[in-house]
Amino acid sequence: MKGKNNLQTILLISLAMSATLCNSLPLSTRGRWIVDNAAGGRVKMACVNWVSHLEPLVTEGIHAQPVERIAETVKAMGFNCIRLTYATFMWTRADYNNRTVAQSLDSFNLTQAKEGIARNNPKLLNLQIIDAYEAVVNELGAHGLMLVLDNHVSKPLWCCAREDGNGFFGDMYFDPKEWIKGLTDVSTRFKNNPQVVALSMRNEMRGARSNVPDWYRYMRKGAKAIHKANPKVLVIVSGLNFDKDLSFLGRKSFGFTLNNKVVFEAHWYTFDFTQQWQQLPPNRACRQRADEFQRDAAFLTTGDKAAPLFISEYGINLQETSQVDSRYFTCFLPTVAEKDLDWALWTLQASYHYRQGHAGGGESYSVLDYSWSKPRYPQFLERMVILQNLLQDPNSNVSPYYLLVHAQSGFCVNVKHNDVVSVSSCRKNSRNSRWNHEGDRSPIKKLGRKHCLKAVGDGVPLTLSDDCSSPRATWQLVSDSMLQIAAMDEQGNPLCLDATPSSNSTPILTRACACLNNEAGCDPLSQWFKLVPSNIA
């Protein structure tokens, strides 16, 4: 009962947030931001992925819950957008798109899925595959959710193996002309649906054929085809090497913005970097990965030709979080919050109708439990709030300030009425959690007051003080990760902010800074904090 009340509370807050984040459609770009066309205000895409590209070509989960109930749950969890995948062949080949949902499920002997859809979404069962996909899109849009339609593969199957025939132009299933036809058909089909705000051109290009010249050749053609069919929709452009690499755009631009409609996308997982997270000290590993992400993708958000960057996939195993996942996500969160990027979490689907030869398998990265009815791990959703919040708006007249975010919990540092300094949910961006800071060796001052944060001693709660010239009240970054914030005691020893939240309001201590010399086996994550810029009222 308590979980149900919490979900209802989150829903009310999320509905208000959705009104703020999604004021007017369609959307365009302005520099590095996505904005609404009417007022020019920032629209932040806080999405979750939902799979519809596997062999049956039936959106996952519609056997378990009505689509409208899933939409309500998505909004209750704080998301305002869904990245809904599809396969090219669904649009271009009659042997796929002439089937009904029931016929497709029957072809894989998916009796339980068919019976579940008959109970929960009976109107979809006898629709053709494309019509059922459109019905799901329309229902999600009717609930105020934005849609990013993602061309995940050509031939429907699980993604992604390096050499699976779906990886790059010219592969067995990836014919460029057929791909462009599919993009055009999807763009045309949804041109009158204002909630379809973006089309993502291709997921995770990869494999032996991958090369930069063909990438420019065909991605430019695909982008123009989408824009010609639907000039209102955003065009999301993916990179190479499983969507980790856009670095070549630093040497040669994409060439056009399609009247301010081009957005770039990147993925950031632990994959391919597991050894880095396992073997390197956490401070050093985090710094390396943040620098690599900046070099390979995030650089696009800076400079005279800045463009929006959409992290279209990231996530962790929510059934059993490993040390690698813990380190990765505790580094990911402050890095992305500081940049206030748009994103799509992997993933929504708690189970699959049919994946890699198996029926009914679960998904360990899902934010939902296997019933598709409630969050699997509510604490993770609370941690996500700082990423879901709109933090920066190019139209804002509010003077910039900082939120001081504890990376391990996702909570914000705030001051209670009795001047106790603690960490708690970032869900309410109140003046009690806003700070001014002028850089290393300067105080962290409470916004609008002369008081500042002051260290008292090792293992002692942080205080609010009007003595802001003391070494104990001047703060600096002291580790490779640039996430440990320290003041000095009288002996010149650094005392770092430290928190181990056990509730929604936990006092912050200062402790001797951990792992500054990158000692083997040392864990500094409880001391990782980030000053995140904001200008939202």
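Every value quoted in this text rests on a predicted model; they were computed, and no experiment measured them. (Residues numbered from 1 in each chain as written. Predicted model: local features only at pLDDT ≥ 70, side-chain atom pairs only at ≥ 80, totals over all residues. Heavy atoms only, no water.)

Asks: Where do I start with the packing of helix α11 (residues 282-296) against helix α12 (residues 323-339) in this structure?
Replies: Relative orientation and spacing of two packed helices are given, respectively, by the angle between their axes and the distance between those axes. α12 packs onto α11 with a crossing angle of 45° between their chain directions and a minimal axis gap of 10 Å. As far as their axial angle goes, α12 and α11 are oblique. In this structure, α11 meets α12 at a crossing whose hand is right-handed. Counting all contacts with α11, which are made through Pro282, Cys286, Ala290, Phe293 and Gln294, the residues of α12 involved are Arg327, Cys331, Thr335 and Lys339. In the contact of α11 with α12, the residues fall into five nonpolar, two polar and two charged. (Axes fitted to C-alpha atoms, helices over the stretch in contact; angles between N-to-C directions. Helix = DSSP H or I, 4+ residues; strand = E, 2+ residues; numbered from the N terminus. Parallel < 35°, antiparallel > 145°, perpendicular 65-115°, else oblique. Left-handed = near helix turned anticlockwise from the far one by under 90°. Contact = heavy atoms within 4.5 Å. Nonpolar A, V, L, I, M, F, W, Y, C, P; charged D, E, K, R; others polar.)

Asks: What is the right way to look at the sheet that holds strand β9 (residues 309-313) in this model?
Replies: Within a beta sheet, neighbouring strands are joined by backbone hydrogen bonds and run either parallel or antiparallel to one another. Read around the closed barrel, the eight strands follow the order β3-β4-β5-β6-β7-β8-β9-β10; overall the barrel is parallel. The mean angle between the axes of side-by-side strands here comes to 25°, regardless of whether they run parallel or antiparallel. Sheet topology note: the strand β6 (residues 196-200)/strand β7 (residues 234-237) ladder contains three bridges and is parallel. Among the inter-strand pairings, alanine 198 is bridged to a residue of β7, identified as leucine 234. (Pairing = 2+ DSSP bridges.)

Asks: It is not clear to me how helix α13 (residues 378-388) should be interpreted in this structure. Could you clarify?
Replies: Residues spaced three or four apart along an α-helix face the same direction, because each turn holds 3.6 residues. Judged by how many residues are buried, α13 sits mostly within the fold: nine of 11 residues are covered. The set of residues buried in α13 consists of Phe380, Leu381, Glu382, Arg383, Met384, Val385, Ile386, Leu387 and Gln388. (Buried < 20%, exposed > 50% of the residue type's maximum accessible area, 1.4 Å probe, protein only.)

Asks: I would appreciate a short explanation of the pairing of strand β1 (residues 27-30) in the present structure.
Replies: Put simply, side chains in a regular strand alternate between the two faces of the sheet. The sheet contact formed by β1 and strand β2 (residues 33-36) spans four bridges and is antiparallel. Residue pairing across strands places threonine 29 opposite isoleucine 34, the latter belonging to β2. Hairpin remark: β1 followed by β2, antiparallel, with two residues in the connecting loop; positive phi at glycine 31, about 60°.

Asks: Honestly, the sheet that holds strand β19 (residues 460-461) in this entry has me stumped. Any pointers?
Replies: Taken together, the five strands give an open sheet; going across it, the order is β19-β25-β23-β22-β21, and neighbouring strands pair in antiparallel fashion. Whereas interior strands pair on both sides, the edge strands pair on one side only; in this sheet they are β19 and β21 (476-477). Where strand β23 (residues 494-498) meets strand β25 (residues 509-512), four bridges bridge the pair, whose relative direction is antiparallel. Bridge pairing in β25 links cysteine 496 to arginine 511.

Asks: Looking at this structure, I do not really get the UniProt feature "domain: Glycoside hydrolase family" (unreviewed entry) in the protein chain. What am I missing?
Replies: The positions that UniProt labels "domain: Glycoside hydrolase family" (unreviewed entry) are, in the present scheme, residues 66-349. As annotated, residues 66-349 has a helix share of 42% and a strand share of 14%, and its two end C-alpha atoms lie 14 Å apart. (UniProt positions renumbered as here; feature names shortened; annotations may be inferred.)

Asks: Before we go on, may I ask you to explain the pattern of salt bridges in this structure?
Replies: Close approach of charged atoms lets side chains of opposite charge pair. Under the definition given, this model contains 24 salt bridges. With a shortest N-O distance of 2.5 Å, lysine 44 and aspartate 340 are connected by a salt bridge. On the criterion of sequence distance, the pair formed by lysine 44 in the loop between β2 and β3 (46-50) and aspartate 340 in the loop between α12 and β10 (342-345) is long-range, its members being 296 residues apart. Across this residue pair, the class does not change: lysine 44 and aspartate 340 are buried. A salt bridge links lysine 181 to aspartate 185; its shortest N-O distance comes to 2.7 Å. Of this pair, lysine 181 and aspartate 185 both sit in helix α8 (residues 176-189), four residues apart, which is roughly one turn of the helix. When its relative accessible area of 25% is taken as the criterion, aspartate 185 is described as partly exposed. One network of salt bridges, with partners in common, ties together Arg42, Lys44, Asp340 and Asp342. (Salt bridge = Lys/Arg side-chain N within 4 Å of Asp/Glu carboxyl O.)

Asks: I'm lost on the domain arrangement of the protein chain in this one. Help?
Replies: Where the parts come together, the accessible area they lose is often given as the size of the interface. Each assigned domain of the protein chain is listed with its residue range as follows: domain 1 (44-388) and domain 2 (401-534). The distance between the C-alpha centroids of domain 1 and domain 2 comes to 36 Å. Residue-level contacts link 18 residues of domain 1 with 27 residues of domain 2. Taken as a group, Asn283, Glu382 and Ile386 account for 30% of the area that domain 1 buries against domain 2, more than any other trio of residues on that side. Linking domain 1 with domain 2 are three salt bridges, by the criterion used here. A salt bridge links aspartate 480 to arginine 284; the shortest N-O distance between them is 4.0 Å. At the surface where domain 1 touches domain 2, the tally comes to nine residue pairs in polar contact (both at pLDDT 80 or more). Those elements that provide at least two residues to the side of domain 1 that touches domain 2 are α11, α12 and α13. Counting residues per element, the side of domain 1 that touches domain 2 draws most heavily on α12, which supplies eight residues. Its residues assigned to classes, the side of domain 1 that touches domain 2 comprises nine nonpolar, three polar and six charged. (Domains from an automatic or database assignment. Buried area = accessible area lost by both parts, 1.4 Å probe. Polar contact = N/O pair within 3.5 Å; in protein donor to acceptor, adjacent residues only side chain to side chain.)

Asks: Just checking my understanding: could you explain the packing of aromatic side chains for this structure?
Replies: Describing an aromatic ring pair means giving the distance of the ring centres and the angle of the ring planes. Per the stated rule, a full pass over the model turns up 35 aromatic pairs. Taking the centre distance of 5.0 Å and the plane angle of 65° together, the rings of phenylalanine 169 and tryptophan 179 count as edge-to-face. Here tryptophan 179 lies in helix α8 and phenylalanine 169 lies in the loop between β5 (146-153) and α8, a separation of 10 residues in the sequence. With respect to burial, phenylalanine 169 and tryptophan 179 carry one shared label: buried. Relative to phenylalanine 332, the ring of tyrosine 328 lies with its centre 5.8 Å away and its plane at 45°, an arrangement referred to as tilted. With tyrosine 328 and phenylalanine 332 both in helix α12, this residue pair falls four residues apart, about one helical turn. On the basis of relative accessible area, tyrosine 328 is assigned to the buried category, the value being 0%. Clustering of aromatic rings is evident, with ring pairs tying together Phe79, Trp268, Phe293, Tyr314, Tyr328, Phe329, Phe332, Trp343 and Phe380. Lying across the ring of phenylalanine 89, arginine 93 places its NZ or CZ 3.7 Å from the centre. Residue placement shows arginine 289 over the ring face of phenylalanine 273; its charged tip is 3.6 Å from the ring centre. (Phe/Tyr/Trp six-rings, centres within 6.5 Å; stacked < 30°, edge-to-face > 60°. Lys NZ or Arg CZ within 6 Å of the ring centre and 35° of its normal.)

Asks: Looking at this structure, I do not really get the state of the cysteines. What am I missing?
Replies: Covalently bonding the sulfur atom of one cysteine to the sulfur atom of another cysteine gives a disulfide. Counted by the stated rule, this structure contains seven disulfides. One disulfide in the model links cysteine 286 with cysteine 331; its S-S distance is 2.2 Å. As the torsion about the S-S bond is roughly 85°, the cysteine 286-cysteine 331 disulfide counts as right-handed. Of the two residues, cysteine 286 is situated in helix α11 and cysteine 331 in helix α12; the sequence distance between them amounts to 45 residues. According to the relative accessible area criterion, cysteine 331 is buried, its value standing at 0%. One disulfide bridge connects cysteine 515 with cysteine 522, the sulfur atoms lying 1.9 Å from each other. Negative torsions about the S-S bond denote left-handed disulfides, and the value of about -85° found for cysteine 515 with cysteine 522 makes this one left-handed. (Disulfide = S-S within 2.5 Å.)

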